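So the chains spell out like this:
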Amino acid sequence: MSRTRARFRSAATPHPYPAPAPDRGAARPEEAGRHHPSARLRLLACTLAAGTACAGLSAVPASAAGAPPVVSRGVTIPDFYTPPTELPAANGALIRTEALPLGLDIPGLDGRPMPGTATRLMYRSTDSAGKPVAVTGAYIEPSATWKGSGPRPLVAVASGTMGQGDQCAPSFALQHPLTLNGDTVSVGYEALAVYRILATGAAVVVTDYVGLGATDRLHTYVNRLDQGHALLDAARAARSVPGASVTADSRTGLYGYSQGGGASAAAAELQPSYAPDVPLAGTYAGAPPADLTSVMKGIDGSALAGALAWSINGFAQTDPDLRAVVEANISTTGKAALADASTMCVGDAIFGYGFTKSSKWTTSGRTIGEIIAAEPKARAALDKQRIGTLKPAGPVRLATGVNDDIVPHAQARRLAVDWCRKGGDITYDAVVLPNLGDKILTNHLVPLLTDQGEAIGWLTDRLAGKPSTSNCWSMPIQP
């Protein structure tokens, strides 16, 4: 039997493996002998069920347990994504590689595929608990020639929100730009940015983040340390890919929007202490979720309300204080929704939980944001995720749409102010567009496209060694 993930269901449809209440730990009779949930999903159910004993449900990699492949919403996750039981000692060390067929490429005049040749990666990183973790991703050696100064540079790309199911992994999306099987909907929308970067002659490495793709744990969505470490270690891993032209001397840029903007921003802050060997030349952080308390309010009840479930799932997995709040306040309906969302991609979440208020998931009828605001330990847990408490390394370009209400503009602008006050080399760009509709994602997604060319141009200049000019002086007069 496959270790299956939940099939696509609407918000009104019961999850086939709801988080068990203390008196409902056994599977329903009709489930006996059918596909059973993976260790990750059992762990989530255990985490979210108040009072349920969790003994014996550790996140043992499937390869160690001899278990069959994971099937997530009808998509079989390749064995490549199952981590081994033992990991290398060094951060960024390669665990394994294999050829990655790109879903979108064309033959070049010289016989090489355009935009390049891709390799699937698994590499070692360190999670927010300080423990080793296997992370997957992809490296692409470009067909285009680098025409700037110095050796071929590298851009480490942090993808925007893809989901929490393993089938949503960015590296998987590079091979399968559209996954649409009746059970799940995933679109590899970051391919546009990746291919535009490759066209400059820079190499690209993409991280899948912690737990997205790799089958040993849930994706720790918007976790500052996990994301920052995974991105920096992807840059390290790229140097060791067979056939890669980048070296330890290659200038490195970080690129990300939305979830990716938070990851690149966190990585820029962490680079001096965590990865000083990565020669960071510049960072693009678009619409970064720097203050999760504010962002939770923005996504609650929006088209992307499912992302709230992903963040709660991830933090309940890793943070005891937030886990305690979840156990005490999330209803049976809420626990089923969180478990259901844990295998969803963005398309699934929009169709299944779009515009859902988190008050429907709580025992008190309060929103999750209101509950966390009333719990000092929970507030402190989210405060640890705040980006802006450290000075970022190297120049940073931070862009945010002034009407963005999903990842609110005000908190992104505040990040620029915080960095400027710490003496950061910051180029702040407020993207001014008409209000294109509240809570429906347009105010968040359109700046991704309208600003992309300028963002890549700015980053390419940094990779070529051109100096940047901070505009922190203009913050008082910028929106």
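Preceding this section is the structure that the text describes.
A quick note: this is a predicted structure, and the numbers were derived from the prediction, not measured. (Residues numbered from 1 in each chain as written. Predicted model: local features only at pLDDT ≥ 70, side-chain atom pairs only at ≥ 80, totals over all residues. Heavy atoms only, no water.)

S.K.: When you look at the environment of His409 in this model, what are you seeing that I'm missing?
M.R.: Tracing the backbone through its elements, the reader meets His409 in helix H14 (residues 409–421). The buried category is assigned to His409, whose relative accessible area is 12%. In contact with His409, other than residues within four places in its own chain, are Thr400, Gly401, Val402, Asp404, Tyr428, Ala430 and Pro479. Within polar-contact distance, the side chain of His409 engages the backbone oxygen of Gly401 at 3.4 Å. (Helix = DSSP H or I, 4+ residues; strand = E, 2+ residues; numbered from the N terminus. Buried < 20%, exposed > 50% of the residue type's maximum accessible area, 1.4 Å probe, protein only. Contact = heavy atoms within 4.5 Å. Polar contact = N/O pair within 3.5 Å; in protein donor to acceptor, adjacent residues only side chain to side chain.)

S.K.: What should I look at first to understand the sheet that holds strand S5 (residues 94–100) in this one?
M.R.: What links the strands of a sheet is backbone hydrogen bonding, and the strands pair in either a parallel or an antiparallel sense. Strand order in the open sheet made by the nine strands is S5-S8-S9-S13-S10-S14-S15-S16-S17, with mixed pairing throughout. The two strands at the open ends of the sheet, each matched to only one other strand, are S5 and strand S17 (426–431). Ignoring strand direction, the axes of neighbouring strands in this sheet form an average angle of 20 degrees. Where strand S16 (residues 396–401) lies against S17, six bridges are found, and the strand directions are parallel. Across the sheet, Leu398 pairs through a bridge with Tyr428, a residue of S17. This element, helix H4 (residues 191–199), spans strand S9 (132–142), strand S10 (154–158), strand S13 (203–207) and strand S14 (252–257) of the sheet and lies at about 155 degrees to S13. The sheet contacts of helix H15 (residues 442–450) involve S14, S16 and S17, and relative to S14 the element is tilted by about 145 degrees. (Pairing = 2+ DSSP bridges. Axes fitted to C-alpha atoms, helices over the stretch in contact; angles between N-to-C directions.)

S.K.: Would you mind going over the state of the cysteines with me for this structure?
M.R.: Note on terminology: a disulfide is the covalent bond linking the sulfur atoms of two cysteines. Inspection of the entire model under this criterion finds two disulfides. The disulfide partner of Cys168 is Cys345, and the gap between their sulfur atoms is 2.1 Å. Every disulfide takes its handedness from the sign of the S-S torsion; for Cys168 and Cys345 that torsion is -100 degrees, giving left-handed. Within this pair, whereas Cys168 is found in the loop between S10 and helix H3 (170–175), its partner Cys345 is found in the loop between helix H10 (332–341) and helix H11 (346–353), the two being separated by 177 residues in sequence. Here Cys168 matches Cys345 in class, with each residue buried. (Disulfide = S-S within 2.5 Å.)

S.K.: Looking at this structure, I do not really get empty space enclosed by the protein. What am I missing?
M.R.: The gaps of empty space that remain are located by a probe, the size of a water molecule, rolled over the atoms. Under the counting rule described, the total for this entry stands at seven cavities of 30 Å³ or more. Estimated volume of the largest cavity: approximately 180 Å³. Taken together, 21 residues form the lining of the largest cavity, with Tyr221, Val222, Leu292, Val295 and Ile299 sitting closest to its centre. For the lining of the largest cavity, the elements supplying multiple residues, two or more each, are helix H7 (292–299) and helix H8 (306–318). Taken together, the residues of the lining of the largest cavity break down into 16 nonpolar, five polar and no charged. For the second largest cavity, the full set of lining residues is Val157, Ser159, Met162, Pro170, Ala173, Leu174, Gly188, Tyr189, Glu190, Ala191, Val194 and Val206. (1 Å grid on protein atoms, 1.4 Å probe; cavity = no way out; pocket = protein on both sides within 12 Å on 5 of 7 lines; lining within 4 Å. Points joined across faces, edges and corners; volume = space filled by probe spheres on them. Nonpolar A, V, L, I, M, F, W, Y, C, P; charged D, E, K, R; others polar.)

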